[in-house]
Protein chains: 2
Amino acid sequence: MSEITTPTSLENAAAASVPERRRRTGGRSGERHRNTGTTKYQKLVNSLAKTEILSPEALEDIHEASLTVLEEIGMDVILPEARDRMKAAGADVTQGSNRVRFDRGLILDMIASAPSSFTMHARNPARNVEIGGRNLVFAQVASAPFVADREGGRRAGNQEDFRKLIKLAQHYDIIHTTGGYPVEPVDIHASVRHLDCLSDLVKLTDKVFHSYSLGQERNLDGLEIARIGRGISMEQMEREPSLFTVINSSSPLRLDGPMLQGIIEMSSRNQVVIMTPFTLAGAMAPVTIAGALVQQNAEALCGIAFTQMVRKGAPVMYGGFTSNVDMKTGAPAFGTPEYMKAVIAGGQLARRYGIPYRTSNTNAANTLDAQAAYESAMSLWALTQGGGNFVLHSAGWTEGGLTASFEKFILDVDMLQMVAEFLTPLDVSPDALALDAVREVGPGGHYFGTAHTLARYENAFYSPILSDWRNFETWSDAGRPTTYDHANRIFKEALNAYEKPPLDPAIEEELDAFVAKRKAEGGVATDF
Amino acid sequence: MSEITTPTSLENAAAASVPERRRRTGGRSGERHRNTGTTKYQKLVNSLAKTEILSPEALEDIHEASLTVLEEIGMDVILPEARDRMKAAGADVTQGSNRVRFDRGLILDMIASAPSSFTMHARNPARNVEIGGRNLVFAQVASAPFVADREGGRRAGNQEDFRKLIKLAQHYDIIHTTGGYPVEPVDIHASVRHLDCLSDLVKLTDKVFHSYSLGQERNLDGLEIARIGRGISMEQMEREPSLFTVINSSSPLRLDGPMLQGIIEMSSRNQVVIMTPFTLAGAMAPVTIAGALVQQNAEALCGIAFTQMVRKGAPVMYGGFTSNVDMKTGAPAFGTPEYMKAVIAGGQLARRYGIPYRTSNTNAANTLDAQAAYESAMSLWALTQGGGNFVLHSAGWTEGGLTASFEKFILDVDMLQMVAEFLTPLDVSPDALALDAVREVGPGGHYFGTAHTLARYENAFYSPILSDWRNFETWSDAGRPTTYDHANRIFKEALNAYEKPPLDPAIEEELDAFVAKRKAEGGVATDF
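Note that the structure is a prediction, hence the values are computed from the model and not measured.

(A) How the structure looks around the packing of aromatic side chains. Counted under the stated rule, the structure contains 29 aromatic pairs over all chains. Between F406(A) and F491(A), the ring centres sit 4.8 Å apart and the planes meet at 25°, which makes this aromatic pair stacked. Of this pair, F406(A) sits in helix α13 (residues 406-423) while F491(A) sits in helix α18 (residues 483-497); the two residues are 85 residues apart in sequence, bridging distant segments of the chain. With relative accessibility at 3%, the residue F491(A) sits in the buried group. Among the aromatic side chains, those forming a connected cluster through ring pairs are F278(A), F321(A), F334(A), Y339(A) and W397(A). A cation sits over an aromatic face here: R154(A) above F146(A), 3.9 Å from the ring centre. A cation over a ring is seen here: R154(A) above F472(B), with NZ or CZ 4.1 Å from the ring centre.

Below you can see the structure in the form of structure tokens.
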């Protein structure tokens, strides 16, 4: 019978040369943890030619339409200081209203000074990340109000789960940065929550982190904590961007006060702004993907231009988050074909402006089923082929962002490591072409015992964390575990394997003192 | 809080404009079945620029190395008639052995006459499929020894399940052709199995089908049944390829008798050969993907050249099936990063020769869990970006090909429809850019009730078959169904919705008479 595979005979044959489960190297890049499957930290370079779905003409049409939006309709800018800065830069501010209109020339002048690439600095220099160009950086889930694992079910976020999730982000090297709070710890009072959370991010991880733009005081606290964590002066930090913030426009066409304040505080200090409109086609944006992209682009360019009005050359990313809604309920949908198109077209727009491109690993599943996997895989497909540079929510995001899932985190880490392995250049050296091995084996033989195989077998292939490749009988005897079962086991193993990264005691002391002082002052106002 | 989505408010807002679940159009292409989610038949065109992972030099290195294999090492050709034909064409046949070596010039001369595109003709002309170029054709799972659904568990293939599976292939328009027996019906004696199965394929579907190359008699029966089904003469069928067969080399470097006989019978009558080496890196091929590709290419070129020795211009596809093994057990792995690389590199090779490219939608999961979805999604990613023209096993294949799963069939159909929607060109007309709608809504509004939205809402987005986008509470109240649960329900609805395609009674009578005659003759020998 053609094409019936024979795993049983293969297994028997292979057993002779691979007698036991061994530690292995992840891809070509380093040590792999025996139980949790983390591979060595990878600076990922995506050398694929980027997929394009917009013709050059269509790209220009979207570009021009978005400039028309900013010129004719304008944006509502809900912060007097921001309107003043925009007016000073040459924008048309309507007296007695929030409305600001932007000449297309002004927008293009401003965005021209945004850098095409930059480095984000971590307290551990080995964790610095390069943003832009062909670099691909993965950040953990952010901003979920709920958290879930199988035993505990779905529950409101809390500090314990917050800490567990950032420990997981620290454990897995494929997670290059954290990104906001993986879950909102509502058991900490909002006035001091940022102090505890940012302090944890410094102590429990050594990777770059994010600070929310929810008022000037929080911005200033975030900047100070990042500075203390790195043990540097504010002058050095201004030369070395070390903190990032996500700025969302309130689509359609509005920038709210805390977001504008965030741009002012972060950009003026040369820290990183990720300007991301949340343009959901059919809800807060036109129902057509092209129309939603016009609006996304208008809002993104406006925010990016404002960063440059605040400080020329300030690092900023172009965020794409356009998706569609469920036509039956209006609920946001993710990882859909429309989402894929928006991600790829967004990449073309970002590259047109030479600005690093932020994307996301999304899905709208309620549990760790096939849907969670295919929606995420299709998101990863689009952002990889479309040239995403920075991927927020890359591990753990589920249920349309409402829930941070421990099991989904592991599933995503596995898929991210697969993407990383896929992007590893294929070895086409004469040795890899293996003509001598083919000569040795010849027709009708097999390659199990050849020197060529034995020299490479252990490290030849990516070894997934979750894929259960046992034959059906063995798998049945083991109780028929699903991916969900494996992920549930692995996340606990990863928490056990977590190691706190070293931190200079003087820095820890300074950090604790700062947090204590700010708490004594009452933290921040929570009534804005 | 930035980036917390608010599905509840969105749902309320949307409910006003979308009061009920309605029939919808699938993509831009037609009617959608209310319960089963099938979209109208789509002739899929993949206009994406194809992803390349081999540099031009590396592509040439693999090409040259594979020609060296054929020239220096050669292939074992286990059929005297085939060796005679090869010798007549100029190959170097070693007297008294099966070994045949091929001058690189001979191989290149021969493959040059293979057509770059052709049509496969179905008994219903609306089901004809275009092979090659930018066309993308999906064929159902083939050749699984086992079949599974949740209630019945995993069991040996049988005629009832065989029939159910081909009815599903008929029901879903995204499944363009069947492909072999979706499951091997072992309750029919092997001597007459092909007669019953091919007869069913004619009667229960109106799509192009496959005939196994398992001896000359079966080939001839398959050709006759295809001819009868179309109601044409053999002369017309020779002008209009109507039947296809998969030819697997017995890697490494061997072509078995029934496979060679299949090429002779099919190519001599201008029917379609899919030449597919099964080169599993680390088992029947070198452990390096580049080495496995060298061997794949050598075996594929040899088989393709032989089709042209039999009949210049005979339609043939270049089949890629290279994957890796599980390093722990030696079992075949699929949908892996290595598999993705092999699929994309294989596309570069096929395009270098101008021969249509056959790929597969693979996975090695034992159940319908996240693994089944991500391995398949990564397969679809690679074959779509890599330029696959014909996708065997595109729906229902699981457990490394050992099992045809009813639920996996539905999952795959949904993913294939998503790929089809992704490949639908983005509408960038002035109307789609939606400037007037943006002007109408302005800053701070929403698009739910606008004329632009209402005119497009129903058909704007692909509506998945399986994705459960209800909010967590509603989903919980419904019993927390997973993708597996939904797929289990949908496949039964699709079987209920199945409609037998019309067939000329005279054709049915001729077909029955032929099958009865051949059964009376005892069918075919089963001892080869």
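Back to the text.
(B) Summary view of the nonpolar core. The biggest cluster of nonpolar side chains holds 328 residues, and the ones touching the most others in it are F102(A), Y172(A), F102(B) and Y172(B). Ignoring sequence-local partners within four residues, the contact set of Y172(A) consists of T36(A), G37(A), T38(A), K207(A), F409(A), I410(A), V413(A), Q417(A), I465(A), I490(A) and A494(A).

(C) View of the relation of the copies chain A and chain B. Once chain A is rotated about the relating axis by 180° and shifted along it by 0.0 Å, it coincides with chain B to within an RMSD of 0.0 Å. The symmetry that links the two subunits is that of a two-fold axis. Across chain A, the rotation axis passes nearest the C-alpha of A370(A), at a separation of 2.1 Å.

(D) A look at the pattern of salt bridges. Applying the stated criterion across every chain yields a total of 66 salt bridges over all chains. A salt bridge links D206(B) to R127(B), with the nearest nitrogen and oxygen atoms 2.9 Å apart. Linking D206(B) in the loop between α6 (190-204) and β10 (209-210) with R127(B) in the loop between β5 (117-120) and β6 (129-132), this pair joins segments that are 79 residues apart in sequence. Exposure class is identical for D206(B) and R127(B). Each is buried. Residue D412(B) is joined to K408(B) by a salt bridge in which the shortest nitrogen-to-oxygen separation is 2.7 Å. One end of the pair is D412(B) and the other is K408(B), both in helix α13 (residues 406-423) and 4 residues apart, which spans about a single turn. As far as burial versus exposure is concerned, D412(B) and K408(B) are alike and both buried. Here the salt bridges do not stand alone but share partners, grouping D221(A), K517(A), R518(A) and E521(A) into one network.

Conventions we followed
Residues numbered from 1 in each chain as written. Chains lettered and ligands numbered in written order. Predicted model: local features only at pLDDT ≥ 70, side-chain atom pairs only at ≥ 80, totals over all residues. Heavy atoms only, no water. Phe/Tyr/Trp six-rings, centres within 6.5 Å; stacked < 30°, edge-to-face > 60°. Helix = DSSP H or I, 4+ residues; strand = E, 2+ residues; numbered from the N terminus. Buried < 20%, exposed > 50% of the residue type's maximum accessible area, 1.4 Å probe, protein only. Lys NZ or Arg CZ within 6 Å of the ring centre and 35° of its normal. Core = buried A, V, L, I, M, F, W, Y, C linked by side-chain atoms within 4.5 Å. Contact = heavy atoms within 4.5 Å. Least-squares fit on C-alpha atoms with pLDDT ≥ 70 in both. Salt bridge = Lys/Arg side-chain N within 4 Å of Asp/Glu carboxyl O.

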